[in-house]
Amino acid sequence: LAGIGGRFVLTETRPKSATDLGVTLSYARQTVSSGGRDVVTESGDDIKVDLTFRPTTGSDTGRRLTPFARGEFDTEFTPTANPVTGRDNARQLAARAIGGLLMAPTGSWRRAEAALVLENDFGHPDLQYGLQSRSEWVRRIGAMTRGGAGQATYRVRNDVTYFLPSRGDDASRLALRYNMIHELFVPLIDELSLSVTADLFFFQGKVASTRALGSNAQLRVGLTYDRFWKPRYQPFF
């Protein structure tokens, strides 16, 4: 199993508000030898663009909770295939409108938000209503590594979405999506780290035949480059 992924965020900060434009990309292929032939599947395939508007938070405003609004467009590089018929499914073309409250970062809690979400997948049209919560917790571990590259970092991310029943529900629709990601970053040099990741995904369908809780787990080892860059104030390299 080999893959690559990344997230890029462009942020404009103003005195009372900020706007974040994010792009998330991931792609992974898994090859399994079976019966003398290689079977190739895509275990990761995602293209996501999001735009978030949020008031400024923090101690200077005295506000712990602030409203935010986000728009997302979620698609994929290639469509999935129906394992029974062998035909391609409709390509994911999901648009989401999200609005709720977010908490100002405090200590280890880098992110915590709760929101209402509306989603329509134009590849399989039907408006869905639901709830969404996201959080990120980070902690430094141990002493500085040799050469002063920095401390190891442990991070947990949670992303849970629950959709209410709707008219177009069928076996392809999920009511519950819960992604929990545990990550350990061991700094090597500058912003380059060795990363060990446990990616857990839990899901539940919206109809009787898919209502049993399912799960998927992946353990990944890789190299991660993580950099914060402020244009005009510092060089990129």
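Keep in mind that this is a model prediction, so the values were computed, not measured.

Thresholds, definitions, all that
- Each chain has its residues counted from 1, running along the sequence as written.
- Where local features are concerned, this predicted model is filtered to residues with pLDDT of at least 70; where side-chain atom pairs are given and counted, the filter is 80 or more; whole-chain, interface and lining totals use all residues.
- As a rule here, side-chain values cover all heavy atoms of the structure and leave hydrogens and water aside.
- Helix and strand assignments follow DSSP, with helices taken as H or I runs no shorter than four residues and strands as E runs no shorter than two, numbered in order from the N terminus.
- When a residue's accessible area, from a 1.4 Å probe over protein chains only, is under 20% of the maximum for its type it is buried; when over 50% it is exposed; and in between it is partly exposed.
- We call two residues in contact whenever any of their non-hydrogen atoms come within 4.5 Å of each other.
- Residue burial considers only the protein chains on display, and all accessible areas are found by Shrake-Rupley using a 1.4 Å probe.
- When DSSP locates at least two bridges between a pair of strands, those strands are taken to pair.
- Every axis in this analysis is a line fitted to C-alpha atoms, fitted for helices over the stretch in contact. Angles between the N-to-C directions lie between 0 and 180 degrees.
- The criterion is simple. A nonpolar core is a set of buried Ala, Val, Leu, Ile, Met, Phe, Trp, Tyr and Cys residues joined through side-chain atoms within 4.5 Å.
- Patches were defined on residues exceeding 30% relative accessible area and lacking a salt bridge, with like-charge contacts within 9 Å and nonpolar side-chain contacts (Val, Leu, Ile, Met, Phe, Trp, Tyr) within 5 Å.
- For this analysis, a salt bridge means a side-chain nitrogen from Lys or Arg found within 4 Å of a carboxyl oxygen belonging to Asp or Glu.

Concerning the overall build of the chain
Argument step 1. Per the secondary structure count, the chain includes zero helices and 11 strands.
Argument step 2. Secondary structure elements in the chain, listed N-terminal to C-terminal, are β-β-β-β-β-β-β-β-β-β-β.
Argument step 3. Viewed in the frame of its principal axes, the chain has a C-alpha envelope of about 55 × 45 × 30 Å.
Argument step 4. Within the span of the chain, comprising 237 residues, buried residues form 28% of the whole.
Argument step 5. Taking contacts inside the chain between residues at least 6 apart in sequence as the whole, the part at least 24 apart equals 49%.
Argument step 6. Of the roughly 15,300 Å² of accessible surface on the chain, a fraction of 60% belongs to carbon and sulfur atoms.

A few points about the sheet that holds strand β8 (residues 152–163)
Argument step 1. The 11 strands are arranged β1-β2-β3-β4-β5-β6-β7-β8-β9-β10-β11 in an open sheet whose pairing can be described as antiparallel. A single partner strand is all that each edge strand has here, and the edge strands are β1 (2–13) and β11 (214–225). Averaged over all adjacent pairs, the angle separating strand axes in this sheet is 15°, with direction ignored.
Argument step 2. The pairing of strand β6 (residues 109–121) with strand β7 (residues 128–141) spans 10 bridges and is classified as antiparallel. Bridged to leucine 118 within β7 is tyrosine 129.

Section: the environment of isoleucine 98
Argument step 1. For isoleucine 98, the location among the structural elements is in strand β5 (residues 93–103).
Argument step 2. Separated by 76 residues in sequence, isoleucine 98 and leucine 174 have C-alpha atoms that sit 18 Å apart.

Observations concerning the nonpolar core
Argument step 1. Phe68, Ile98, Leu102, Ala115, Val117 and Phe163 form the largest nonpolar core, which has six residues in total.
Argument step 2. For this core, the secondary-structure elements that each account for two or more residues are β5 and β6.
Argument step 3. Setting aside anything within four residues of it in sequence, one finds alanine 115 in contact with Phe68, Ile98, Gly99, Gly100, Gly130, Leu131 and Gln132.

Notes on unusual backbone geometry
Argument step 1. In the Ramachandran plot, aspartate 190 falls in the positive-phi region, its phi being about 50° despite a non-glycine side chain.
Argument step 2. Phi is positive for arginine 232, close to 75°, though the residue is something other than glycine.
Argument step 3. Position of arginine 232 relative to the elements: it lies in the segment after β11.
Argument step 4. Given a relative accessible area of 79%, arginine 232 falls into the exposed group.

Topic: a nonpolar patch on the surface
Argument step 1. On the surface, Ile141, Leu184, Val186, Leu188, Ile189, Leu194, Val196, Leu219, Val221 and Leu223 cluster together to form a nonpolar patch covering roughly 880 Å² of accessible area.
Argument step 2. Looking at which element gives the most residues to the nonpolar patch, the answer is strand β9 (residues 174–189), with four residues.
Argument step 3. Inspection of the secondary structure assignment puts leucine 184 in strand β9.
Argument step 4. Taking the relative accessible area as the measure of exposure, leucine 184 reaches 32% and is therefore partly exposed.

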